[in-house]
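Structural features, examined
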Amino acid sequence: MPSLIHAAIIKLRENRLEGIASFDAILEQIENKATKVTRSPHQDIKKYESLVRQVSLAELVIARARSLQAKFKVQTMNNTSTNSVDDLQTFVSSLLEQPEVEVLGASRGPAGKIIHKLFIAAQKSANLGVDENPLAADPTSTSSVPDFPKAVGREYILRTTVPRPAPYSRPTPQRMFCVLVKDDFRLAGAFTQDTTFQ
């Protein structure tokens with residue numbers, strides 16, 4: 001078993017992707033844990049299972065990173081601007097690191113255009129079975145397939161920084177979140193206030 005773990009760590013090191021700080025931390029954790037588990041005089045199967053789960057997590061990070069890079073790199077072949085290529089690389093690494101990422105330039109930016117094209121391709125493939133005979137359709141006519149799927153619900157997030165509870169208090173972050181779906185809605189708020197200068 002230690003030989004397999006060692007081979008897995010070597011393979012992870014070979015497939016390591018640059019610019020992903022979380023992957024380096026995961027790899028370091030795996031190496032430290034592998035050192036402890038494999039050198040222990042008492043071999044515990046539960047510790048090996050935990051180590052294998054960490055290796056599979058690292059493999060998942062690599063697969064996600066390669067998938068995102070492939071999706072965003074295909075489109076950059078036409079666009080030779082170094083700024084947009086750098087922006088896309090930053091965007092992809094941010095997607096892997098953070099739960100929410102801002103798309104610079106919205107739908108008109110390089111990342112927004114690629115995301116829009118990915119949605120169009122997904123919608124066309126999802127509605128391919130709906131058309132009776134897709135080959136008989138006139139190629140010059142516009143498609144009746146929408147670019148984006150129909151919204152299941154709407155989500156609103158309001159974020160601000162205001163002085164609370166008094167106008168002379170230090171400004172603190174405030175957040176309100178609302179989800180509206182067909183039959184119900186959810187509303188949540190997170191409000192803070194300055195406790196020093198009330």
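Within each chain, residue numbers correspond to sequence positions counted from 1 in written order. With pLDDT at 70 or above as the cut-off, local features in this predicted model cover only qualifying residues; side-chain atom pairs require 80 or more to be listed or tallied, and sums for whole chains, interfaces and linings still use all residues. Note: side-chain values were computed over all heavy atoms of the structure, leaving out hydrogens and water.

1. Observations regarding the packing of helix α4 (residues 82-97) against helix α5 (residues 110-126)
Running from amino to carboxyl end, α4 crosses α5 at an angle of 65°, the nearest separation of the two axes being 9 Å. Put simply, α4 runs roughly perpendicular to α5. Packed against α4, whose contacting residues are Ser-84, Leu-88 and Phe-91, the element α5 presents Pro-110, Ala-111, Ile-114 and Ile-115 at the interface. Note on definitions: angles span 0 to 180 degrees between N-to-C directions of axes, and those axes are lines fitted to C-alpha atoms, for helices only across the stretch in contact. Where helices and strands are cited, they refer to DSSP runs of H or I of at least four residues and of E of at least two residues respectively, numbered from the N terminus. When describing relative orientation, an angle under 35 degrees is termed roughly parallel and one over 145 degrees roughly antiparallel, while 65 to 115 degrees is termed roughly perpendicular and anything else oblique. Between two residues, a contact is recorded if the distance between any of their heavy atoms is within 4.5 Å.

2. Considerations on the confidence of the model for the protein
pLDDT is a per-residue confidence score from the predictor, ranging from 0 to 100. Mean pLDDT over the protein stands at 83; residues scoring 70 or higher make up 87%. Across residues 132-141 the pLDDT falls below 50, and counting only partners more than four positions away or on other chains, this stretch makes one contact in the model.

3. Examining the sheet that holds strand β1 (residues 153-163)
Two pairing modes exist for strands in a sheet, parallel and antiparallel, and in both the strands are linked by backbone hydrogen bonds. Two strands are counted as paired when DSSP detects at least two bridges linking them. Pairing is antiparallel across the open sheet formed by three strands, whose spatial order is β1-β2-β3. Since the sheet does not close on itself, it has two edges, and those belong to β1 and β3 (185-191), each with one partner. Between one strand and the next, the sheet's axes are offset by a mean angle of 10°, whatever the strand orientation. Pairing analysis gives 11 bridges linking β1 to strand β2 (residues 171-181), with the strands arranged antiparallel. Across the sheet, the residue bridging to Thr-161 is Pro-173, located in β2.

4. Section: the packing of helix α1 (residues 2-14) against helix α2 (residues 21-39)
The contact between α1 and α2 brings their axes to 11 Å, and the two run at 165°. With respect to α2, the axis of α1 lies roughly antiparallel. Two packed elements cross with a definite hand, and for α1 against α2 that hand is left-handed. Touching Pro-2, Ile-5, Ile-9, Leu-12 and Arg-13 of α1 are Phe-23, Leu-27, Ile-30, Glu-31, Ala-34 and Thr-38, all from α2. Under the scheme applied here, ten amino acids are nonpolar (Ala, Val, Leu, Ile, Met, Phe, Trp, Tyr, Cys and Pro), four are charged (Asp, Glu, Lys and Arg), and all others, including Gly, are polar. Taken together, the residues of the contact of α1 with α2 break down into eight nonpolar, one polar and two charged. Handedness of each helix crossing follows the sense of rotation of the near helix against the far helix: counterclockwise by less than a right angle gives left-handed, clockwise gives right-handed.

5. Structural notes on the side chain of Gln-174
Relative to the assigned elements, Gln-174 resides in strand β2. Per-residue accessibility, obtained with a 1.4 Å probe over protein chains only, is compared with the maximum for each type, and a residue is labelled buried under 20%, exposed over 50%, and partly exposed between these values. The exposure class of Gln-174 is buried, given its relative accessible area of 7%. Within the structure, the side chain of Gln-174 is placed 2.9 Å from the side chain of Thr-172, a separation counted as a polar contact. Sequence-distant contacts of Gln-174, that is, excluding residues within four places in its chain, are made with Leu-158, Arg-159, Thr-160, Val-162, Arg-164, Ala-190, Phe-191 and Thr-192. Polar contacts, as counted here, are pairs of nitrogen or oxygen atoms within 3.5 Å of one another; within protein the pair requires one atom able to donate a hydrogen and one able to accept it, and residues that are adjacent in sequence qualify only if both atoms are side-chain atoms.

6. What to know about the pattern of salt bridges
Throughout this description, the term salt bridge denotes a Lys or Arg side-chain nitrogen within 4 Å of a carboxyl oxygen of Asp or Glu. By the definition in use, this model includes four salt bridges. Among the salt bridges present, the one from Glu-14 reaches Lys-11, with a minimum N-O distance of 3.9 Å. Placement of both Glu-14 and Lys-11 in helix α1 is noted, with a separation of three residues, approximately one turn of the helix. Since its relative accessible area comes to 47%, Lys-11 is described here as partly exposed. In this structure, Glu-31 engages Arg-13 in a salt bridge whose closest nitrogen and oxygen atoms are separated by 2.7 Å.

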